[in-house]
Amino acid sequence: MSVERTFSIIKPDAVAAGHAGEILAAIEAAGFKVLAARMARLSEAQARGFYAVHAEKPFYAGLVKFMTEGPIIVMALERDNAIAGLREVMGATNPEKAAEGTIRKRFATSIERNCIHGSDAPETAAVELGFFFGAAELL
Ligand code: CMP
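None of the values given here were measured: they were computed from a predicted structure.

The rules behind each value
Residues numbered from 1 in each chain as written. Predicted model: local features only at pLDDT ≥ 70, side-chain atom pairs only at ≥ 80, totals over all residues. Heavy atoms only, no water. Helix = DSSP H or I, 4+ residues; strand = E, 2+ residues; numbered from the N terminus. Buried < 20%, exposed > 50% of the residue type's maximum accessible area, 1.4 Å probe, protein only. Contact = heavy atoms within 4.5 Å. Areas by Shrake-Rupley, 256 points an atom, 1.4 Å probe, with all protein chains shown as cover. Pairing = 2+ DSSP bridges. Axes fitted to C-alpha atoms, helices over the stretch in contact; angles between N-to-C directions. Core = buried A, V, L, I, M, F, W, Y, C linked by side-chain atoms within 4.5 Å. Phe/Tyr/Trp six-rings, centres within 6.5 Å; stacked < 30°, edge-to-face > 60°. Near = heavy atom within 4 Å. Polar contact = N/O pair within 3.5 Å; in protein donor to acceptor, adjacent residues only side chain to side chain. 1 Å grid on protein atoms, 1.4 Å probe; cavity = no way out; pocket = protein on both sides within 12 Å on 5 of 7 lines; lining within 4 Å. Sits in = over half its atoms within 2 Å of the grid points. Nonpolar A, V, L, I, M, F, W, Y, C, P; charged D, E, K, R; others polar.

## Notes on the overall build of the chain
Looking only at helices and strands, the chain features seven helices and four strands. Helices and strands in the chain line up, N terminus first, as β-α-α-β-α-α-β-α-α-β-α. Within the chain, the proportion of its 139 residues that are buried is 45%. Contacts in the chain between residues at least 24 apart in sequence constitute 76% of all its contacts with a sequence separation of at least 6. Looking at the chain as shown, the accessible area adds up to about 7100 Å², and 56% of this sits on carbon and sulfur atoms.

## Points about the sheet that holds strand β2 (residues 33–40)
In space, the four strands of this open sheet follow the order β2-β3-β1-β4, with antiparallel pairing throughout. Edge positions in the open sheet fall to β2 and β4 (116–118), since each of these has one partner strand only. Neighbour to neighbour, the strand axes of the sheet diverge by 20 degrees on average, direction disregarded. Relative to strand β3 (residues 72–80), strand β1 (residues 3–10) runs antiparallel, the two sharing eight bridges. Looking across to β3, one finds that Ile10 is bridged to Ile73. Contacts between helix α2 (residues 20–29) and the sheet are confined to β1, β2, β3 and β4, with β3 contributing the most and set at about 10 degrees to the helix. Its contacts with the sheet put helix α7 (residues 122–132) on β1, β2, β3 and β4, and the angle it makes with β1 is roughly 55 degrees.

## Looking at the environment of Glu96
Locating Glu96 in the fold gives a position in the loop between α5 (82–90) and α6 (103–107). Judged by its relative accessible area of 71%, Glu96 is exposed. Sequence spacing of Glu96 and Met67 is 29 residues, and the spatial spacing of their C-alpha atoms is 21 Å.

## Focus on the nonpolar core
Formed by 21 residues in total, the largest nonpolar core has its most connected members in Phe7, Met67 and Phe133. Of all the secondary-structure elements, those providing two or more residues to this core are β1, β2, α3 (44–50), α4 (60–67), β3 and α7. In contact with Phe7, not counting residues within four places along its chain, are Phe50, Val74, Met75, Leu86, His117, Gly118, Ser119, Ala125, Glu128, Leu129, Phe132 and Phe133. Leu86, Val89, Met90 and Ala108 belong to the second largest nonpolar core, which has 20 residues in total.

## Structural notes on the packing of aromatic side chains
Overall, the coordinates contain seven aromatic pairs when judged by the stated rule. Ring geometry for Phe50 and Tyr51: centres 5.0 Å apart, planes at 85 degrees, overall edge-to-face. Look at Phe50 and you get buried, because its relative accessible area is 8%. You can call Tyr51 buried: its relative accessible area is 5%. Chaining the aromatic ring pairs together yields one cluster made of Phe7, Phe50, Tyr51, Phe131, Phe132 and Phe133.

## What to know about the site of the ligand
In the neighbourhood of the ligand, the contacting residues comprise Lys11, Tyr51, His54, Phe59, Leu63, Arg104, Ile111, Glu112, Asn114 and His117. A distance of 2.7 Å is found between an oxygen atom of the ligand and a side-chain nitrogen or oxygen belonging to Lys11. Between Glu112 and the ligand, the recorded distance is 2.9 Å, taken from a backbone N or O atom to an oxygen atom. When the ligand is considered free in solution it has 450 Å² of accessible area, and contact with the protein chains removes 79% of it. In this structure, the ligand is accommodated by the largest pocket. Of the residues assigned to the shell around the ligand, the class counts are four nonpolar, three polar and three charged.

Everything listed here is a matter of coordinates, which is why it stays silent on function.
Given below as structure tokens:
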């Protein structure tokens, strides 16, 4: 496996509930290096753009509303097999289906308010990292 980068968001529900530290600790315990991280507050236009791939889905409007309701923490992460590895640490999108010990099992409250985002493929990771971070921040 080669070193890979992925993008992650600690979502508004988890930041508001005070779970950001525990989520970051779980990510670091899984061997990820935090290349860059910062707090952000998405505008409606930014949330619509970030989730444009879901624009036709019935949950899109609710997702945009949720992602703009409060501060988030955006992160650039690096590890061997980072994309699949983070998705394993996060657990299934629906916390009811997430494995014991995963971040979503521990902290998510519904399929929408699921506490963390992680890129799903190398192409999306590159786009999502570029959405929030400049090249100079990812050296
Ligand atoms: P995320 O990994 O950020 O990618 C898309 C997001 O849409 C997902 O996490 C959930 O927050 C949300 N989502 C996915 N499926 C559903 C669904 N069926 N109903 C509501 N929200 C969903």
